Every structure is written in structure tokens, then in C-alpha cells.
Amino acid sequence: MPCIVRWPGKVKPGAVVDEPICHTHLLATSAAIVGAKLPDTAGEDSFSILPLLLGEKREVPTHEAVVHQAANGTLAIRQGKWKLVFLFEKDKQALELYDLSADLGETKNLAAAQPDVVQRLTRLMQKYIDDGRSTPGTKQSNDVEVPLLASPAN
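From a predicted model like this one, the values you see are computed outputs, not experimental measurements. (Residues numbered from 1 in each chain as written. Predicted model: local features only at pLDDT ≥ 70, side-chain atom pairs only at ≥ 80, totals over all residues. Heavy atoms only, no water.)

### Looking at the pairing of strand β2 (residues 75-79)
Burial of β2 is extensive: four of the five residues sit out of reach of the surface. As paired elements, strand β1 (residues 66-69) and β2 share four bridges and run antiparallel to each other. Within β2, the position partnered with Val-67 by the bridge is Ile-77. Here β1 folds back onto β2 in antiparallel fashion, the turn holding five residues, of which Gly-73 has a positive phi close to 95 degrees. Sheet topology note: the β2/strand β3 (residues 82-89) ladder contains five bridges and is antiparallel. Each residue of the ladder has a partner; that of Leu-75, found in β3, is Phe-86. (Buried < 20%, exposed > 50% of the residue type's maximum accessible area, 1.4 Å probe, protein only. Helix = DSSP H or I, 4+ residues; strand = E, 2+ residues; numbered from the N terminus. Pairing = 2+ DSSP bridges.)

Right, here's the structure in full:
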């Protein structure tokens, strides 16, 4: 989903950035705009996208991956063109892998065809869960248990 930004005098009109961002980045970005330093225990998944907004050229992405969580608790991780969904519903548990560069509609699950990508992204998501954050900083405790695949509800 595109993000459209208008900030006269700061964001160049017509500029396009292909790096994925999400709403969690608004906290760190807002802090950077006003010159505030977030405590280590706040915004554990928030990266400042201010350099992207200002059109700064970067050698490396702003963040390693983006973590998504749906209202029902379903987790997903996105890195580059790949999105891995840790799906759990009443009687269904599955890993779904999509190549967003070729399948924006997420219609072709490539998990079986790309086991190395599934394994790499699963390890990265587990690291984020174990660390309680995807940003650099002190490990944090999760408020609740965060399973990648949950047991079906009884």
C-alpha cells in the first residue's frame, strides 16, 4: 500500500522511495523530527524514516525487515521482495510466502518452493521475538507469549 507524504520545503514533490515502511515507523520518525530521543523501552519496532522523507541517499536499507501484525494476532515479516506470513486460524496453521515484486495480490504461496527463504525469515522473526524488538537496543520482554504458529483454540 503506498504512503503519500506532503511536507513543503522538506519532501521533494514527485519523489518515490521503494523501501517498505509501516505505521510503527511514525513514532521514531516523529521523535527524530522534533529532536527527541526515545527511551530504549519505547518504539521497539520503530525506525525513523526521516532520511527517506528528506531524500537522503542510503547505502543500506533503513531497517533489516518490517514486522506486521494483524488484529487477530497473525504475524508477518517482510524483507525486500519477500513477505512471510505465520498464519493461524481455528483449524489451520500455515506458512505463506509471497514474492511481492511479482505477486502484489498475494495469490501464489511460494513457501514450498522457497524453503531457504522461509527458514531465513523464520529465524529472523524468532530473533525479533526473542529480543522483544527489531531495532537495535537492549532486549525487551514481550507482554505476552508470541508464537509464530499458535495452537488451535480449544
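### A short note on the layout of surface pockets
Considered as a void within the structure, the largest pocket measures approximately 1400 Å³ in volume. Counting residues per element, the ones that place at least two in the lining of the largest pocket are α1 (25-34) and α2 (50-53). The dominant element in the lining of the largest pocket, judged by the number of residues it contributes, is α1, at four residues. In terms of residue class, the lining of the largest pocket is built from 23 nonpolar, six polar and 11 charged. Of the pockets and cavities examined, the second largest pocket occupies roughly 710 Å³. Forming the walls of the second largest pocket are 27 residues, and the residues nearest its centre are Asp-45, Val-67, Gln-69, Leu-75 and Asn-142. (1 Å grid on protein atoms, 1.4 Å probe; cavity = no way out; pocket = protein on both sides within 12 Å on 5 of 7 lines; lining within 4 Å. Points joined across faces, edges and corners; volume = space filled by probe spheres on them. Nonpolar A, V, L, I, M, F, W, Y, C, P; charged D, E, K, R; others polar.)

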